[in-house]
Amino acid sequence: GNSVTQMEGPVTLSEEAFLTINCTYTATGYPSLFWYVQYPGEGLQLLLKATKADDKGSNKGFEATYRKETTSFHLEKGSVQVSDSAVYFCALSKNTDKLIFGTGTRLQVFP
Amino acid sequence: EAQVTQNPRYLITVTGKKLTVTCSQNMNHEYMSWYRQDPGLGLRQIYYSMNVEVTDKGDVPEGYKVSRKEKRNFPLILESPSPNQTSLYFCASSLQGYTEAFFGQGTRLTVV
């Protein structure tokens, strides 16, 4: 079946460091891919998405490229801020199926 | 403002005492769902609804009930809560099940 695998957290970085959170997926065909972010005490909100191979989603300085050949959708940011501290979820959907989430990766950014 | 509203935000209850967590959305979305979030397990879908009067089980439906009598509301019912239902619960809505989901702020439930 369809699934999403994310790197274990927490990821701990100093402010202005480069961020990568790995996400790989298993699915037939061409799913849509998403990154959601959950700030402390809040619900999840969509950060970015990509709907076809080689698409790059971007928002708030974050980017992720849909790589069909490696079945990956890694999240990157060039310079993190303390305010980026949150839990990040990778997710996929395909055709009429529901969203399938990874287990989440906690990011902690220290000044 | 487009939003999904859950109530209550926090709830402590005793084993066996029936409770309802309400969820309402103002985006005219067809699809609504309930998730629970547990450490190390991510988000697991409890129940979903593709439209009014249409509901179906998700991945972890045991011990829960839902109803969808109106498009905007999708309450989660625990008829006889047990300690293993202590968790953080989220309601979400979307145009379709596979499109961008909008989440409520969550309900932290503790069953003692």
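Please refer to the structure higher up on the page.
About the criteria used
- Residues numbered from 1 in each chain as written.
- Chains lettered and ligands numbered in written order.
- Predicted model: local features only at pLDDT ≥ 70, side-chain atom pairs only at ≥ 80, totals over all residues.
- Heavy atoms only, no water.
- Buried < 20%, exposed > 50% of the residue type's maximum accessible area, 1.4 Å probe, protein only.
- Helix = DSSP H or I, 4+ residues; strand = E, 2+ residues; numbered from the N terminus.
- Pairing = 2+ DSSP bridges.
- 1 Å grid on protein atoms, 1.4 Å probe; cavity = no way out; pocket = protein on both sides within 12 Å on 5 of 7 lines; lining within 4 Å.
- Points joined across faces, edges and corners; volume = space filled by probe spheres on them.
- Nonpolar A, V, L, I, M, F, W, Y, C, P; charged D, E, K, R; others polar.
- Axes fitted to C-alpha atoms, helices over the stretch in contact; angles between N-to-C directions.
- Contact = heavy atoms within 4.5 Å.
- Buried area = accessible area lost by both parts, 1.4 Å probe.
- Salt bridge = Lys/Arg side-chain N within 4 Å of Asp/Glu carboxyl O.
- Polar contact = N/O pair within 3.5 Å; in protein donor to acceptor, adjacent residues only side chain to side chain.
- Disulfide = S-S within 2.5 Å.

Attention now moves to the pairing of strand 1 (residues 3-6) of chain A. Residues and elements named next belong to chain A. Only one face of strand 1 is covered, namely the face carrying Val4 and Gln6; the face carrying Ser3 and Thr5 is uncovered. The sheet contact formed by strand 1 and strand 4 (residues 23-26) spans four bridges and is antiparallel. The partner of threonine 5 across the bridge, within strand 4, is threonine 24.

Before going further, it helps to spend a moment on the layout of surface pockets. A volume near 690 Å³ is recorded for the largest pocket. Lining the largest pocket are 31 residues, and of these Gln38, Val87 and Arg106 of chain A together with Gln37 and Pro39 of chain B lie nearest its centre. Here the second largest pocket defines a volume of roughly 360 Å³. In this structure, the second largest pocket is lined by 20 residues; those nearest its centre are Gln3, Val4, Phe103, Gly104 and Gln105 of chain B. Those elements that place two or more of their residues in the lining of the second largest pocket are strand 6 (44-50) of chain A together with strand 1 (4-7) and strand 10 (102-103) of chain B. For the lining of the second largest pocket, the leading source of residues is strand 1 of chain B, giving four residues. Looking at the lining of the second largest pocket residue by residue, the classes come out as eight nonpolar, eight polar and four charged.

This brings us to the sheet that holds strand 9 (residues 75-77) of chain A. All names here are of chain A. The four strands lie next to each other as 3-9-8-7, forming an open sheet whose pairing is antiparallel. Each edge of the open sheet carries a strand with a single partner, namely strand 3 (19-21) and strand 7 (56-59). Pairs of neighbouring strands in the sheet enclose a mean axial angle of 20 degrees, with direction left out of account.

Our next topic: the interface of chain B and chain A. Much of the literature gives interface size as the accessible area that the parts lose upon coming together. With 20 residues of chain B at the interface, the matching set in chain A holds 18 residues. It is Leu43, Tyr98 and Glu100 of chain B in chain B that bury the most area against chain A; as a group they hold 35% of the surface buried on that side. Taken together, chain B and chain A are joined by zero salt bridges. Applying the counting criterion to the chain B and chain A interface returns five residue pairs in polar contact (both at pLDDT 80 or more). For the side of chain B that touches chain A, the secondary structure elements donating two or more residues are strand 4 (31-38), strand 5 (42-51) and strand 9 (87-94) of chain B. Classifying every residue of the side of chain B that touches chain A by side-chain character gives nine nonpolar, eight polar and three charged.

Before going further, it helps to examine the pairing of strand 10 (residues 86-93) of chain A. In summary, the side chains of a regular strand alternate between the two faces of the sheet. Residue and element names in this part refer to chain A. Of all eight residues making up strand 10, eight are buried, and the element is well covered by its neighbours. The alternating pattern of strand 10 places Ala86, Tyr88, Cys90 and Leu92 on one face and Val87, Phe89, Ala91 and Ser93 on the opposite face, and all of these are buried. Pairing geometry for strand 5 (residues 32-38) and strand 10, over seven bridges, is antiparallel. Each residue of the ladder has a partner; that of valine 37, found in strand 10, is tyrosine 88. In terms of strand pairing, strand 10 meets strand 12 (residues 105-110) through three bridges, oriented antiparallel. Directly across from alanine 86, in strand 12, lies its bridge partner leucine 107. Relative to strand 11 (residues 100-101), strand 10 runs antiparallel, the two being bridged by two bridges. The residue bridging leucine 92 from the neighbouring strand is isoleucine 100, located in strand 11.

So, on to the side chain of serine 49 of chain B. Residues and elements named next belong to chain B. Positionally, serine 49 belongs in strand 5. Overall, the relative accessible area of 0% leaves serine 49 in the buried class. In terms of polar contacts, serine 49 uses its side chain to reach the side chain of arginine 68, at 2.7 Å. If sequence neighbours within four positions are ignored, serine 49 has contacts with Glu30, Tyr31, Met32, Val54, Thr55, Arg68 and Phe74.

Moving on to the state of the cysteines. All names here are of chain A. Under the counting rule described, the total for this entry stands at two disulfides over all chains. Across the disulfide from cysteine 23 sits cysteine 90; the S-S distance is 2.0 Å. Taking the sign of the torsion about the S-S bond as the criterion, the disulfide between cysteine 23 and cysteine 90, at about -70 degrees, is left-handed. Separated by 67 residues along the polypeptide, cysteine 23 in strand 4 and cysteine 90 in strand 10 bring together distant segments of the chain.

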